[in-house]
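# Examination of the molecular architecture
Chain by chain, the residues run as shown.
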Amino acid sequence: MSLNAIPLLSIIMFLPLLGALVVLILPGEENQKWWSLLVTTLTFLLSLALFFYWKNGEAGFQFVERYAWIPQLGIDYHLGVDGISLFLVLLTTFLGPLTILFSWDIKDRLKTYLFLMLLQEAGVIGVFISLDMVLFYLFWELTLIPMYFLIGLWGGPRRVYAAVKFFIYTMLGSTLMIIAILALRYFYGSFDFVDLLHGKGLPATAQLAFFGAFALAFAIKVPLFPFHTWLPDAHVQAPTAGSVVLAGVLLKMGTYGLVRFCLPLFPAATKQMVPVMMTLAIIGILYAALVALRQKDLKGLVAYSSIAHLGFVVLGIFALNPSGISGAVLQMVNHGVSTGGLFFLVGMLYHRAHRRMVADFGGLWKQLPVFGAFFLVIMLSSIGLPGLNGFVGEFNILIGAFKASKIAAFIATIGIIFAAWYLLYAFRQVMEGPLDKPENKLLPDLNAREIIILASLVAVILLIGLFPNIFFAKINPSVLELVHFVKIHAAPVLITPLPTQ
Amino acid sequence: MITLDKLYLLSPEFILLIAAFLVLGIDIFGKRRWQKALPYWTIAGLLLSMVASFWLMGHKETVTDTMAADSFAYYFQLIGEMVVVLVTLALVDYLPGRTHQQGEFYALLLFAAIAIMVAVSATDLIMVYLGMEFLSITSYVLVGFLRNDKRANEAAIKYFLYGAVASAVMLYGMSLLYGLTGTTNLAAIAQKLTAGNLVSGYQWLLFPALLFLTVGFGYKSSLVPFHQWAPDVYDGAPTPVSAFLATASKGVGFALLIRVFVTALPAVKIDWVALLYALSVLTMTVGNFVALRQTSVKRMLAYSSVAQAGYIVIGLVAFNGKVPFTAFNGVSGVLFYLLAYAFTNAGAFIVVGAIEEHTGSTQMDDYNGLVKRSPFLAGVFLILLLSLAGVPATGGFMGKFMVFGAALAEQFYILALIAIINSVVAVGYYFKVIKAMFFVPGEGPAIAVAKPTRYALVITLAMTLLLGIFPSWFLHIATTSGLAMVGL
Amino acid sequence: MIPLSWYLVVGALLFVIGFYGALSRRNAIAILMSIELMLNAVNINFLAFWRYLTPKEMAGQVFAIIAITVAAAEAAVGLALVIAVYRSRDTVSVDEVDLLKG
């Protein structure tokens, strides 16, 4: 059987989209829920085929599909995944069924909610698998609208403000990006990512301008300090499943964009901007950690910890060496699982108590032992305890950062200590001590549905933590290729075109 | 000279002419129950005429010295006919109860469509003037048709006064152009100007002539500073007529701007590019910033359509005259943009009209919680607004993409940047409406939408998405149409 | 014989007077009259150019005749609109026709 004959990537992307349209016409809330769960689970299972049929050791794109879409403008429907995007696709499809499961008892406008969640999933998958700049931009924007509505319709008290802020920030970045994409077309004569890679090089000044436009769009999405101000608002106001999708996959679009586009397309500019990006990443790590320490709202705390973690990812990317970037790619997945898990946990707590201030709780161990166990594992994974997933990613990033700049690595390590501090502090405040609040004595422990969600997360946490080489085996070839590519093309070009591969 | 065997090239016009008289005849002599069918007769005529226009596309001949039968003309004819179909659908439930002379209204609408067709085929200044005036006069009447409506009245007189002055200025420009070249034929004017073979010595009159012509076309396409009529007229006119003015009628302004400047005035391209550059920047910026502080959705749409005109002009600024066209070229950009914009904007006005029918208001506050009162209208409006804002997978995005791409390809970086900043500003007010419709709670009875209006909206919605997701075929048509005109 | 430029100067003067009137007058009827002045200026131009530059071709003359005809049609519609406004508000001053603003 020829696997190449099956347009696997298209199926994975269009399945949630089709599912979304079907939800709109499906009668009955139960049907809609089960249908959504079925679609997302099926998508996940299909995406596992990517993993199992992966050609190990290959650096290039696999499962490539390419059809002419708008031939006059040279725009193709061009899909493909490599080691960098593979696990992000898997992460997206993995979180899909979990978010649907979590939203099981949403009552308010359920149909629209499910429609938006599925649409969102299709959009994010599209972002990770598009190899045509215009197609990429289309999906990039497509993810924006559902999230805008998810925050604005099901969010907390200041949801409208948060939704609009989220939208304006990201829109600002993406409009710059589309102009940059058009200008790239002018310089290279192509919208195709692979063509752009092998095209002639750009003059250093032009590279800087392009890098600026793309990196700004991505930095807003990540979000990198000082463009992060929209994120806490969006996270705190968003419904739990929205926060999970936001932290789990949407933010990854920013870091993914940096790795996928900024590095190989503008290598000279990348090289020049390393100090700037590293400084911003480190400021972000420390700043977010300090703010997290002061957070009284659990969700805000997780949101700031998320900014700090993504600072690490950016640090790893701009170390520009294999261990830094591989670590960053794996850390993106880790962050999706751990921070996603923390948001789930906060959501479950809030669902029971209708409060989520740190001070509202205390001594929950006795009341919610199962919850506590999951909380402990996921929190430790987020801190980076050896044996769990966070450690593998952060360790590799730090090795990479150390090779690139010892000071950067040193300061980043302080960030890890801070992370341990605020997370352990929050955990202690919530779970340990006497169960002194009478209203907390009535909280029921997790139900089966919630246990399934958390258990699958913990399974992935352990899998990555104990057997990281399964993942690195697929990530590394692409990353090595990328690092090599950046290195040989990084010399600033003045007029002469770069040698093609 | 006109020969009878070429008359079939005018069949779209003739079909509409027959339809118009048929509608008038039925209105006068027909039985009561036949009159109910008037809009459908109108639509039937328009559809037939569309078939003819489409059939004849690809021809490249001159019917007479004054009228071309090229794809460019047929392309704009199709846009005009399509918009009038949509407007007619929206009128089916709008007119009864407002006027008894429905037949006249539909007939006038058909005459306006014929005027568009004549104007876009014109290759002679006389025909350009005639076509424009034909369209203007029918439009004045359409705007002020509901005599007892004070606002419509006021809109009509404002439209008329601005329009008459603008057309007089344009005519003065034409007289100067005639004086310079001794001819009114566009191609002949181009020849004389390029060869420097002027019949009179007043060469310095060329720039004023250009400026005066721009006033006339700019007025039709509502370019700042000739736009002052637009918000008031769109606001006061019967909403379906506003939809017509903001799309089909505006398209004629652009068609003539392209046709006259490209075929007659290539010799002074530097001048008109500079002029249009300035107008484009002014139009986008003024349109967007004034739209931001509107509280009425209808007026906001009016200013937004002024701003959209500014984006469209960019395509003309980026016209490079190369044949065959480069991938991103201004003319196909403008043509595609106008097609997408016609559907999107007509749809948006129809939505506003449908809501106004039930709430009697166009205020933003009355859109609060619209999604509960009419999910259909809110959903359609959402997609149309996204298209106006230029979000991908909609026709509006592809249009902007083409036009901005053309600007970058011709190295108008600053212009592209200004346009981008403007489109971010525009997101601000489009999303104000979306916010009101979906996020802000609001109460009110459910809004029922009449069936024909529903059809019109479904068409605009489908076309907006189709143009955004599968633009290839339409782009091909736009490109060949543009080429036909440039090659003539 | 009177040189061409004299005609053109007269035309330009008429046009400017008409344009000024159209912009400064508040009475709708007066504005209409000013517009007529502008159109007549155009006709003088057309006829002068035709007579002096291309007397053998009819284009200028035809254009002038068409302009006159169109102007008549335009004036008819314009007056009808003015009357409609007058009936509904008892005024023909454009300053007082101010429902639509913003």
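My aim in this report is to walk through the structure given alongside it, one point at a time.

Criteria and thresholds
- Residues numbered from 1 in each chain as written.
- Chains lettered and ligands numbered in written order.
- Predicted model: local features only at pLDDT ≥ 70, side-chain atom pairs only at ≥ 80, totals over all residues.
- Helix = DSSP H or I, 4+ residues; strand = E, 2+ residues; numbered from the N terminus.
- Rg over C-alpha atoms; globule rule 2.2 N^0.38 Å.
- Buried ≥ 20, exposed ≤ 12 C-beta atoms within 10 Å, placed from the backbone.
- Contact = placed C-beta atoms within 7 Å.
- Nonpolar A, V, L, I, M, F, W, Y, C, P; charged D, E, K, R; others polar.
- Expected span 1.5 Å × (residues − 1).
- Pairing = 2+ DSSP bridges.
- Core = buried A, V, L, I, M, F, W, Y, C linked by C-beta atoms within 7 Å.

### Here's the deal with the overall build of chain C
- Along chain C, the regular secondary structure elements total three helices and zero strands.
- Against the compact-globule benchmark of 13 Å for 102 residues, chain C has a radius of gyration of 17 Å, which places it well outside the compact range.
- With respect to the principal axes defined by its C-alpha atoms, chain C has extents near 50 × 25 × 25 Å.
- Looking at chain C as a whole, 35% of its 102 residues qualify as buried.
- In chain C, 51% of the contacts between residues at least 6 apart in sequence involve partners at least 24 apart.

### Details of the environment of Lys403(A)
Residue and element names in this part refer to chain A.
- Looking at the element boundaries, Lys403 is found in helix α17 (residues 389–404).
- On the basis of neighbour count, Lys403 is assigned to the partly exposed category, with 15 C-beta atoms found within 10 Å.
- Residues Lys403 and Trp35 lie 368 residues apart in sequence; the distance between their C-alpha atoms is 49 Å.
- Apart from residues lying up to four places away in sequence, Lys403 is in contact with Ala319 and Asn321.

### Re the interface of chain B and chain A
- Contacts between chain B and chain A engage 23 residues on the former and 23 residues on the latter.
- Looking at which element gives the most residues to the side of chain B that touches chain A, the answer is helix α18 (residues 413–438) of chain B, with eight residues.
- Along the lines of polarity and charge, the residues of the side of chain B that touches chain A split into 17 nonpolar, five polar and one charged.

### Description of the environment of Ile70(A)
- Looking at the secondary structure, you find Ile70(A) in strand β1 (residues 62–70).
- The residues contacting Ile70(A), other than those within four sequence positions of it, are Ile75(A), Pro471(B), Ser472(B) and Leu475(B).

### Some words on the arrangement of the chains
- When the two pairs of chains in contact are ranked by number of contacts, first place goes to chains B and C.
- Chain A makes no contact with chain C; the smallest distance between any of their C-alpha atoms is 26 Å.

### Points about helix α3 (residues 38–56) of chain B
Residues and elements named next belong to chain B.
- For α3, spanning 19 residues, the distance from its first C-alpha to its last is 27 Å, which sits close to the expected 27 Å at 1.5 Å a residue.
- Listing the buried residues of α3 in full gives Leu38, Pro39, Trp41, Thr42, Ile43, Gly45, Leu46, Ser49, Met50, Ala52, Ser53 and Leu56.
- Once α3 ends, the next one or two residues include Gly58, with phi positive near 90 degrees.

### Remarks on the environment of Leu320(A)
Residues and elements named next belong to chain A.
- Within the fold, Leu320 resides in the loop between α13 (298–318) and α14 (322–353).
- The class of Leu320 is buried, set by 22 C-beta atoms lying within 10 Å.
- Remark: the alpha-carbon pair of Leu320 and Trp54, spanning 266 residues in sequence, is separated by 25 Å.
- Dropping the residues within four chain positions of it, Leu320 is found in contact with Val274, Ala404, Val483 and Val486.

### Topic: the interface of chain C and chain B
- Each partner contributes residues to the interface: chain C has 36 residues there, and chain B has 37 residues.
- Only α1 (4–24), α2 (28–53) and α3 (59–89) of chain C provide two or more residues apiece to the side of chain C that touches chain B.
- With 17 residues, α3(C) is the single largest residue contributor to the side of chain C that touches chain B.
- Its residues placed into classes, the side of chain C that touches chain B shows 28 nonpolar, six polar and two charged.

### With respect to the pairing of strand β2 (residues 75–81) of chain A
Residues and elements named next belong to chain A.
- Extensive coverage of β2 is indicated by the burial of five of its seven residues.
- Bridge count for β1 against β2 is six bridges, and the pairing is antiparallel. Looking at β2, one finds that Tyr67 is bridged to Tyr77.
- The turn joining β1 and β2, which pair antiparallel and follow one another in sequence, is formed by four residues; a positive phi near 70 degrees is taken by Gly74.

### A short note on the nonpolar core
- Of all hydrophobic cores here, the largest spans 439 residues; its most connected members are Phe214(A), Val314(A), Leu315(A), Leu110(B), Ala119(B), Val351(B) and Ala407(B).
- Ranked by residues supplied to this core, first place goes to helix α7 (residues 150–181) of chain B with 20 residues.

### A closer look at unusual backbone geometry
- Between Val222(A) and the following residue, Pro223(A), the backbone shows a cis peptide bond with an omega angle of -5 degrees.
- You can see Pro223(A) is positioned in the loop between α9 (204–221) and α10 (230–237).
- That bond from Val224(B) to Pro225(B) is cis: its omega, 10 degrees, falls within 30 degrees of zero.
- Examined against the element boundaries, Pro225(B) turns out to sit in the loop between α9 (206–220) and α10 (229–236).
- Its identity as a non-glycine residue notwithstanding, Leu320(A) has a phi of 55 degrees, on the positive side.
- At Asp90(C), a position not held by glycine, the phi torsion is positive, near 60 degrees.
- Exposure remark for Asp90(C): the 8 C-beta atoms within 10 Å place this residue in the exposed category.

In short, the description is geometric, and any link to function would need to be established separately.
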